[in-house]
Amino acid sequence: MKQGQVSRSPAEGLVGREEEVRLLRSFVGKAVDGGGALLVSGEPGVGKSVLLGVAAEAASAAGALVLRFDGVEYLTDLSFAGLARVFEPLRHEVDALIPPHRDALLVALGFSEGAVLNRLTVYGAALALLRLAARDRPVLLIVDDLQWVDRASAEALTFVARRLGGSRVGFLGGSRPGHDSVAMWADFPQLPVRPLAEEAASVLVDSRFPALGARDMQRVLAQAQGNPLALLELPSSLTASQRDGAGGRSEVLPLSRRLQDLYASQIAQLPEPTRWLLLLAALEGGGNLPVLRAATPEQDVLRVLAPAELAQVVHIEDGGLGRLVFRHPLVRATIVSGATRGRRAEAHRALAGALTDQPDRRAWHLAEAAPDRDEEVADLLEQSALRIRRRGDAVGSFNALVRAADLSPEPADRGRRLAEAACVGSEVAGELRASAQLLVEARRADPELRGSLPAAVAASHVLLNRDGDVAAAHRLLIRALTSYAGHADDDPTLFEAVRTLHRTCVCAGRPELWEAFDTAVEQMPVPLPPRMKLLVEVYADPARATADSLRRLDAEIYDLHHESNPVWIERISAAALLVDRATGCRAALWRVVDDGRGGGAVASALVALMVLCLDDFLTGQWDEAGRLAAEGMAMAEAHGYAFSGHQFGTMTGLLAGVRGDASRAQRLAGDTIQWASPRGAHAIEHLAQYALGLSALGRGDYEDAYRAGSSISPAGVLAPHTPLALLVAMDLVEAAVRTGRLAEARSHVAAMRATNLPGISPRLALITAASTALTVGEERAGAYFEEALAVADAERWPFDLARVHLAYGEHLRRVRVAKESRVHLERALDTFRHLGAAPWASRAAEGLRAIGHTTAWASRGSQADALTAQEHRIATLAASGLTNKQIGEKLFLSHRTVAAHLYRIYPKLGVSSRVTLGAALTTLPSFRGRFATES
């Protein structure tokens, strides 16, 4: 028995756990009414399992259905093994699910074969099944030893546990700290179970061993260190030692070793047939009695297990019809570690013979039993990997292929399987570093492998995502596709190669690579699927997307909530972003991000985060965009995705630039350009130039802004194969006008209208009309500005809309319509202030002062003085990122005079440097719209 378990009720006899019991009962009470999740964590033997039993008892008393299972170390490589066990009591209810969920769950749990499916579908099906079961009575799902739950089941459980709010389903997990496999649970509510305090530990030992002497009591307390299991086991050990005449004070051993030694002594005293059955049960993992009977048909299993049950090493559930449960996970570990390699192999073979109806488990047991390389077993594992992939578990498929390669006798088979593992790992599972190493091993095993399609896909992912070498990735894929001689109709790797080649072309942004792509596609033995063809059309030239393409893309976006494949979700959403439709994809994108956070499709999660981040920027959610950029950078660094890391770094620079930190924007964008330019990664280089150009516009450096914009798309041309040409269009026109390049500005507006940008999205209609207004002359500009402001849903793009108000207000100021000018400038100022766009807010405030509405900066405290007009002007220019020398040139002052003014300005605003000057200006009451008018 575990800590204090002296009766049928787990709570009876517990010592020192009153607060934990109260919290668990409170959680159960809330969960059965409104759902919820809680993680109980603590070291082995601390009493987690007993506390979970308390929760189970409370849930049963409340009329809830309790679904409970324990993670098993030896099943961690078998996909969805845990989910299959927990849902076993609900097997008949699976049939009541909607067909997509029913079929997905049956395939995942191994009850049927089916088409390739994605894990997100399985996760949704698991959640739907639990909600269905909870219609009649509440459900409490209890999973102990989460660190030993297979990865696919663990990801499904985290998905479910995050979405239980408002249901009558509760989730309770038990885990040990320090295991990488429980990192995905880190953000869940936690109930840490700590060692007992010394007083409680003494009470517990004294209640069970009242005759224990004081000195022995102190020895037990010292060695157990508050661990309840050790507190209950060590006194028996001391008594035995004294009986043997070895009562001296020996050196204290680590607790886990001490407890394993205790169990080893107990197990060694059991009969050999009993120990054999215990070894089978330990390796089988679930204690499934029918499997044990099939593995030992000549044995009366219950009779043979009776000595172990009497010794309280195990207990049998459901009257001998259900399963064998070990007293503690350390018992299982002791049994396995105490068996020889040959004995364990014999047990695995016996289990494989008993699992003829479960091919995936059978394959893994045969693999564990194989004394040497074995092609038959390797082939079984390879087939298992395909089934596992169909269940949506790329990580499980990756592991099975690697193990199959290890067992392959022939170098060619080993190389092929390693290449397939690398392909799966790099394209979906996020195992970029491991995939690179596997490719090296694959080519070492089979030098002729270089031209194979799986190897090309895997290598191109490494080249693109880790190294940024788009040209090498492109050459490799073109060569592999050109020489392809497989069975195109049933080869998923063929279309994976096309998708990867397509992404390579997008990242490169070079017309000649797209031409090679078109040629390779034309030579394929089968046509592109309609969905892939649509994405190629939109990606290749979004500025010229046809009305039919946009209609089909809108239909794909509308149906995206049904899509489960993360690759398709991120590809469709990225195409939607290019034509301002990403908002409709956000729910699906968050599913992909959640999957990646849990260790799933990391590559797709990074793309999803980038789409969400850019969409947040365009729609004015700049704080959230900053958080997503930071998360994306951390995820990219953790998994070795240098390309994505630079994308998120550039997004951080973009946000810094529009908010006034020009030096940071230049540093981050410069780092990206320095990395991307020699690699030919023009798409990410264009993003960096976009960040530099927008920062330059904000601080009034229009020459730099023009140079940045025209490096993306030359004036007068909306460059094909350059998605960012649509983002930079108005920036380029404004910079051209302000640097005296009116002809270039007008030619660019003509290109915008010739390609019908207004027909693509409201945002593009807004900036096309505003860009036209900037180029037609003062007498006609007003009509185009009004056209821009009349665009439906323009409020969805607050930064672009504020820029239009700013430009309109500046135009009205020039034609001396001060009253109307003030309205637009104040609207622009209010939006820029809300966004934190300090340089742009300074431009709007400058325009207001120019029409006689000079802002006297209100004090930031009772002791702060208002800025003078000269100080205010210097402060706003400094906040926009200009140096003292540049400010002096604008105001005809020496740089020393500027420095002296700043020395007086800083204490008035409560700052110590220009780094925080912009933020200080935007928080002033006058900056929020309260102006002191000085005529």
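None of the values given here were measured: they were computed from a predicted structure.

Caption draft 1: How the structure looks around the overall build of the protein chain. Along its length, the protein chain carries 45 helices and seven strands. By residue count, 59% of the 935 residues in the protein chain fall in the buried class. Counting contacts in the protein chain only where the partners sit at least 6 residues apart, residues at least 24 apart contribute 69% of the total. For the protein chain, the accessible area works out to roughly 37,300 Å², and carbon and sulfur atoms hold 52% of it.

Caption draft 2: Here's a closer look at the nonpolar core. Judged by nonpolar contacts, the single largest core of 232 residues is most densely connected at Phe87, Phe171, Phe617, Tyr690 and Phe832. Among the elements that line this core, the one with the most residues is helix H29 (residues 602-618), at 14 residues. Sequence-distant contacts of phenylalanine 832, that is, excluding residues within four places in its chain, are made with Phe799, Ala802, Arg803, Leu806, Ala837, Trp840, Ala841 and Ala844. Listed in part, the 34 residues of the second largest apolar core include Leu229, Leu305, Ile316 and Ala339.

Caption draft 3: Broad picture of the side chain of glutamate 284. Summarising the element assignment, glutamate 284 is placed in helix H11 (residues 272-284). Residue classification places glutamate 284 among the buried residues on the basis of a relative accessible area of 2%. One polar contact links glutamate 284 to arginine 361, side chain to side chain, over a distance of 2.8 Å. Ignoring any residue separated from it by four or fewer positions in sequence, one finds glutamate 284 in contact with Leu75, Val291, Leu351, Arg361 and His365.

Caption draft 4: Summary view of the packing of aromatic side chains. Applying the stated criterion across every chain, the model contains ten aromatic pairs. Centroid distance tryptophan 514 to phenylalanine 517: 5.7 Å. Interplanar angle 75 degrees. Geometry classified as edge-to-face. One end of the pair is tryptophan 514 and the other is phenylalanine 517, both in helix H24 (residues 511-522) and three residues apart, which spans about a single turn. Their ring planes at 85 degrees and their centres at 5.4 Å tell us that phenylalanine 799 and tryptophan 840 sit as a pair that is edge-to-face. In this pair, phenylalanine 799 is assigned in helix H39 (residues 798-814) and tryptophan 840 in helix H41 (residues 838-850), connecting sequence segments 41 residues apart. These aromatic residues form a ring-pair network of at least three members: Phe617, Trp622, Phe799, Phe832 and Trp840.

Caption draft 5: Region of the structure containing helix H1 (residues 18-34). End to end, H1 covers 24 Å across 17 residues, agreeing with the expected 24 Å (1.5 Å per residue, within 8%). Restricting attention to buried positions, one finds in H1 the residues Glu20, Val21, Leu24, Phe27, Val28, Ala31 and Val32. Seen along its axis, H1 keeps its buried residues to an arc of 125 degrees; they face one direction. Summarising the geometry of H1, the exposed residues directed more than 90 degrees from the buried face are Glu18, Lys30 and Asp33. Contact partners of the buried residues in H1: strand E1 (36-41), helix H2 (48-61), strand E3 (139-144), strand E4 (169-175) and strand E5 (190-192). Of the residues trailing H1, glycine 35 is marked for its positive phi of about 75 degrees.

Caption draft 6: Representation of unusual backbone geometry. Positive phi is not limited to glycine here, since phenylalanine 80 has a value of about 60 degrees. Looking at the element boundaries, phenylalanine 80 is found in the loop between strand E2 (65-70) and helix H3 (81-86). According to the relative accessible area criterion, phenylalanine 80 is buried, its value standing at 1%. The backbone phi angle of aspartate 580 is positive, close to 65 degrees, even though this residue is not glycine. Residue position: aspartate 580 is located in the loop between helix H27 (566-578) and helix H28 (586-597).

Caption draft 7: The arrangement of the pairing of E3 in detail. Within E3, six of the six residues are buried, which leaves it mostly tucked inside the rest of the structure. Neither face of E3 is left uncovered, since the one carrying Val139, Leu141 and Val143 and the one carrying Leu140, Ile142 and Asp144 both have all their residues buried. Relative to E4, E3 runs parallel, the two sharing five bridges. Across the sheet, residue isoleucine 142 finds its bridge partner in E4, namely leucine 172.

Caption draft 8: Seen up close, the side chain of histidine 805. Following the sequence through the fold, histidine 805 ends up in helix H39. Excluding residues within four positions of it along the chain, histidine 805 makes contact with Leu789, His824, Leu825, Arg827 and Ala828.

Caption draft 9: Inspection of the pattern of salt bridges at higher detail. This structure, assessed with the given rule, holds 52 salt bridges. The partner of arginine 102 in a salt bridge is aspartate 103, with the nearest N and O atoms 3.1 Å apart. When its relative accessible area of 25% is taken as the criterion, arginine 102 is described as partly exposed. The salt bridge partner of glutamate 272 is arginine 275, with a shortest N-O separation of 2.9 Å.

Caption draft 10: Here's a closer look at the pairing of E1. Of all the six residues making up E1, six are buried; the element is thus mostly covered by neighbouring parts of the structure. Side chains of E1 alternate between two faces, with Gly36, Leu38 and Val40 and Ala37, Leu39 and Ser41 buried alike. In this sheet, E4 lies alongside E1 in parallel orientation, the contact comprising six bridges. Pairing of valine 40 across the sheet is with glycine 174, part of E4. When E1 meets E5, the two strands line up parallel, connected through three bridges. Across the sheet, the residue bridging to leucine 39 is glutamine 190, located in E5.

Caption draft 11: How the structure looks around the packing of helix H34 (residues 702-712) against helix H35 (residues 729-738). Where H34 contacts H35, the two axes come as close as 8 Å, and the packing angle between them is 140 degrees. Classed by the angle they form, the pair H34 and H35 counts as oblique. Here H34 runs over H35; the crossing is left-handed. Taken together, the residues of H35 that come into contact with H34 (itself represented by Tyr702, Ala705, Tyr706, Gly709 and Ser710) are Leu732, Glu734, Ala735, Ala736 and Arg738. When grouped by side-chain class, the residues that make up the contact of H34 with H35 number six nonpolar, two polar and two charged.

Caption draft 12: Highlighting helix H22 (residues 470-482). For H22, built from 13 residues, the straight-helix expectation of 18 Å at 1.5 Å per residue is met to within 8% by its first-to-last C-alpha distance of 18 Å. Burial analysis of H22 places ten of its 13 residues in the buried class, the great majority of the element. Among the residues of H22, those classed as buried are Val470, Ala471, Ala472, Ala473, His474, Leu476, Leu477, Ile478, Ala480 and Leu481.

Conventions we followed
- Residues numbered from 1 in each chain as written.
- Predicted model: local features only at pLDDT ≥ 70, side-chain atom pairs only at ≥ 80, totals over all residues.
- Heavy atoms only, no water.
- Helix = DSSP H or I, 4+ residues; strand = E, 2+ residues; numbered from the N terminus.
- Buried < 20%, exposed > 50% of the residue type's maximum accessible area, 1.4 Å probe, protein only.
- Contact = heavy atoms within 4.5 Å.
- Areas by Shrake-Rupley, 256 points an atom, 1.4 Å probe, with all protein chains shown as cover.
- Core = buried A, V, L, I, M, F, W, Y, C linked by side-chain atoms within 4.5 Å.
- Polar contact = N/O pair within 3.5 Å; in protein donor to acceptor, adjacent residues only side chain to side chain.
- Phe/Tyr/Trp six-rings, centres within 6.5 Å; stacked < 30°, edge-to-face > 60°.
- Expected span 1.5 Å × (residues − 1).
- Arc of directions from axis to C-beta.
- Pairing = 2+ DSSP bridges.
- Salt bridge = Lys/Arg side-chain N within 4 Å of Asp/Glu carboxyl O.
- Axes fitted to C-alpha atoms, helices over the stretch in contact; angles between N-to-C directions.
- Parallel < 35°, antiparallel > 145°, perpendicular 65-115°, else oblique.
- Left-handed = near helix turned anticlockwise from the far one by under 90°.
- Nonpolar A, V, L, I, M, F, W, Y, C, P; charged D, E, K, R; others polar.

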